[in-house]
Amino acid sequence: MSGEEESKKVGAIEIHDLLRDRICLLEYAPGAMLRENDIAVEFHVSRTPVREAFQRLSIEGLVEVRNGIGTFVTPFDPVQLREVFDLRIEMAQLFGRIGARDATRADVDVLETLLNRSDNLAEKFDVGEHWQINHILHFAISDLLLNRVFLDVWHNLYFRAARAWYEMSRDIWPDSVRLLQLEITDLLTAMRENDIEAIGYIKRNYIKFSWKRISSK
């Protein structure tokens, strides 16, 4: 194997992240079968890291591994989706009580950059760019929190909710972009004040706003 080919190889974590993003962006539709061999060929790896990626996705509730049949993207379950959003709303209110570091100038810079990117998005909607902005925003806010167990659950619920929101965003993109701009603006105010509790309540509000639009579809 050449050095160039070796450098292109990715591990189970990278494969997991890429597949997760495709599921959330609905590039793999609910019910779609993910073929282990095809993905191994795509990433120039053996089937072992692909199986590991599938296992992680299964734990996260994004795929179902059916022994002897295959691996399938889980369908939308309205009851479960409501439970996911309810729990995210409650968890956001705990931000100020679970341990967090101080917000820094670098944290503010990240959000200011995202706000500028969202302004460009308002002129021409791009679902991939919309995903990237939300994705970076989620991790920028999460990085303030110090409780690792909380974060494991918080991240999982974010991705389980994401594909429902991005499906909706395609249909109501002017409204979804407006909400994103307002959320980043509010979060910037709280971050400049280093008010972690306020950041949590802002997240709570915008999660509720998102659910209102999804549930009324």
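Residues numbered from 1 in each chain as written. Predicted model: local features only at pLDDT ≥ 70, side-chain atom pairs only at ≥ 80, totals over all residues. Heavy atoms only, no water.

Under an unreviewed UniProt entry, the name given to the protein chain is DNA-binding GntR family transcriptional regulator, and the organism recorded is Mesorhizobium robiniae.

Asker: What is the right way to read unusual backbone geometry from this model?
Answerer: In most cases, non-glycine residues show a negative phi, while peptide bonds are predominantly trans. With a phi angle near 65 degrees, L26 is a residue other than glycine that sits in the positive phi range. Structurally, L26 is set in the loop between α2 (12-24) and β1 (33-34). Of note in the backbone geometry, H44 takes a positive phi value of approximately 60 degrees without being a glycine. (Helix = DSSP H or I, 4+ residues; strand = E, 2+ residues; numbered from the N terminus.)

Asker: Could you clarify how one ought to interpret the nonpolar core in this entry?
Answerer: Across soluble globular proteins, nonpolar side chains have a tendency to be buried as a group. Counting residues in hydrophobic clusters, the biggest one holds 50 residues, and the most contacted among them are L111, I184 and I199. Where this core is concerned, the elements lending two or more residues are α5 (78-92), α6 (105-123), α7 (127-142), α8 (148-171), α9 (173-192) and α10 (196-215). No other element matches α8, which puts 12 residues into this core. Those residues in contact with L111 that lie beyond four places of it in its chain are L137, A140, I141, I184, L187, L188 and M191. Grouped together as the second largest cluster of nonpolar side chains are 16 residues, L34, A53, F54 and V63 included. (Core = buried A, V, L, I, M, F, W, Y, C linked by side-chain atoms within 4.5 Å. Buried < 20%, exposed > 50% of the residue type's maximum accessible area, 1.4 Å probe, protein only. Contact = heavy atoms within 4.5 Å.)

Asker: Whenever I open this one, the pairing of strand β2 (residues 63-66) confuses me. Can you help?
Answerer: For β2 and strand β3 (residues 70-73), the ladder comprises 4 bridges, and the chain directions are antiparallel. By the bridge assignment for β3, V65 is matched with T71. (Pairing = 2+ DSSP bridges.)

Asker: Sorry if this is basic, but what is going on with the sheet that holds β1 here?
Answerer: Whenever strands of a sheet pair, they do so through backbone hydrogen bonds, lying parallel or antiparallel. Spatial strand order, β1-β3-β2: 3 strands in an open sheet with antiparallel pairing. Since the sheet does not close on itself, it has two edges, and those belong to β1 and β2, each with one partner. Examined bridge by bridge, β1 and β3 share 2 bridges and lie antiparallel to one another. Bridged to M33 within β3 is F72.

Asker: Can you help me understand α8 in this one?
Answerer: For an α-helix, the turn length of 3.6 residues means that residues three or four places apart are oriented alike. Compared with an ideal rise of 1.5 Å per residue, which puts 24 residues at 34 Å, α8 spans 35 Å between its outermost C-alpha atoms and is within 8% of the ideal. Along α8, the sharpest change in direction is near 35 degrees and occurs at A162. The N-capping residue of α8, defined by a side-chain oxygen 3.2 Å from the backbone nitrogen of V149, is N147. (Expected span 1.5 Å × (residues − 1). Bend = angle between axes of the 7 residues up to and from the residue. Polar contact = N/O pair within 3.5 Å; in protein donor to acceptor, adjacent residues only side chain to side chain.)

Asker: Could you clarify how one ought to interpret the pattern of salt bridges in this entry?
Answerer: As a working rule, side chains carrying opposite charge can pair if their charged atoms are close by. Summed over all chains, the structure comprises 16 salt bridges. A salt bridge links E36 to R47; its shortest N-O distance comes to 2.8 Å. Here E36 is found in helix α3 (residues 36-43), whereas its partner R47 is found in helix α4 (residues 47-59), with 11 residues between them in sequence. Given the relative accessible area of 41%, R47 is considered partly exposed. One salt bridge in this structure joins D86 and R82, with 2.8 Å as the shortest N-O distance. (Salt bridge = Lys/Arg side-chain N within 4 Å of Asp/Glu carboxyl O.)

Asker: For this particular structure, what's the right way to read the packing of aromatic side chains?
Answerer: Tallied over the full model, the rule gives 10 aromatic pairs. Ring centres 5.5 Å apart and planes at 20 degrees place the aromatic pair F125 and W173 in the stacked group. Pair noted here: F125 is in the loop between α6 and α7 and W173 is in helix α9, with a separation of 48 residues, a long-range link. Above the face of the F76 ring, R163 is positioned so that its terminal group lies 4.8 Å from the ring centre. (Phe/Tyr/Trp six-rings, centres within 6.5 Å; stacked < 30°, edge-to-face > 60°. Lys NZ or Arg CZ within 6 Å of the ring centre and 35° of its normal.)

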